[in-house]
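# Structural features, examined
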Amino acid sequence: MDIVKGNMGWIEVIVGPMFSGKSEELIRRLRRAEIARQRVQIFKPFIDQRYSSNGIVSHSGLEIASGLVSTGADILGKVEPRTEVVGIDEAQFLGESLLECCTRLADSGKRVIVAGLDTDFMGRPFEPMPRLLVVAEEITKLLAICVRCGNPAVNTQRLVASEELIVVGAGGMYEARCRRCFEPQLALEKIEEQAATVKSKAAAS
Ligand code: ADP
Ligand code: ZN
């Protein structure tokens, strides 16, 4: 952010596919705030306990301590009045109340830094992140590297069979793909394959 006068708060959003460096960038900004001796509070959803239950961890191993919450409303209940900077990772899992939470925190003079996926495994907008982009002062969109061809990757390819919007995982379950290599139907085709195998096994026995 450029020049901010008085005690004005604002919202910074970091979006992109999995492996694009959102957690790394969030941790970098939060560390700098801590070095500047600002009061920082950090949150991530309960649902995301892939690597650590008490910290945000990037795929490259960077880590910073955080509290666990289920919704944006939970965060509002936990942020102390003296806090100057609020960091939130994997924000796409925090539901509708994320929007009001971030708006209220910024309105009350806090710097709010939010990282999350902007699209789901089908390439569709992952609510409520897109709506958060509309109210944010600053947006950073990061890209990963396509594992197939090395081009900039904007998509998260799901490699396992599931139609569920939320399937938490990293190693082997998802990979970064560019727009040319992205196959959004793949996860759905795998479900059909699985169903066909189950059927043929049932018929054989
Ligand atoms: P995000 O929060 O966006 O999922 P992270 O910050 O957790 O991303 O991880 C980013 C790191 O992941 C990179 O610095 C790199 O070390 C690693 N990485 C693994 N696969 C890829 C990929 N396909 N493209 C870019 N980085 C990758
Ligand atoms: Zn590609």
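Before reading further, recall that the structure is shown in the block above.
My aim in this report is to walk through the structure given alongside it, one point at a time. (Residues numbered from 1 in each chain as written. Chains lettered and ligands numbered in written order. Predicted model: local features only at pLDDT ≥ 70, side-chain atom pairs only at ≥ 80, totals over all residues. Heavy atoms only, no water.)

### Let's talk about helix H3 (residues 97-107)
- Listed as buried for H3 are Leu98, Leu99, Cys101, Cys102, Leu105 and Ala106. Relative to the axis of H3, the buried residues are bounded by an arc of 165 degrees and lie together on one face.
- Turning to H3, the residues buried within the fold contact strand E1 (10-15), helix H2 (72-78), strand E6 (85-88), strand E7 (111-116) and helix H4 (129-135).
- Positive backbone phi, approximately 95 degrees, marks Gly109, located one or two places after H3. (Buried < 20%, exposed > 50% of the residue type's maximum accessible area, 1.4 Å probe, protein only. Helix = DSSP H or I, 4+ residues; strand = E, 2+ residues; numbered from the N terminus. Arc of directions from axis to C-beta. Contact = heavy atoms within 4.5 Å.)

### What to know about the pairing of E7
- Burial of E7 is extensive: six of the six residues sit out of reach of the surface.
- Here E1 pairs with E7 via six bridges, running parallel. By the bridge assignment, Ile11 is partnered in E7 with Val112.
- Across four bridges, the pairing between E6 and E7 is parallel. Paired with Val85 across the strands is Arg111, a residue of E7.
- Viewed along the sheet, the connection from E6 through H3 into E7 turns out right-handed. (Pairing = 2+ DSSP bridges. Right-handed = clockwise from strand over helix to strand, strands pointing away.)

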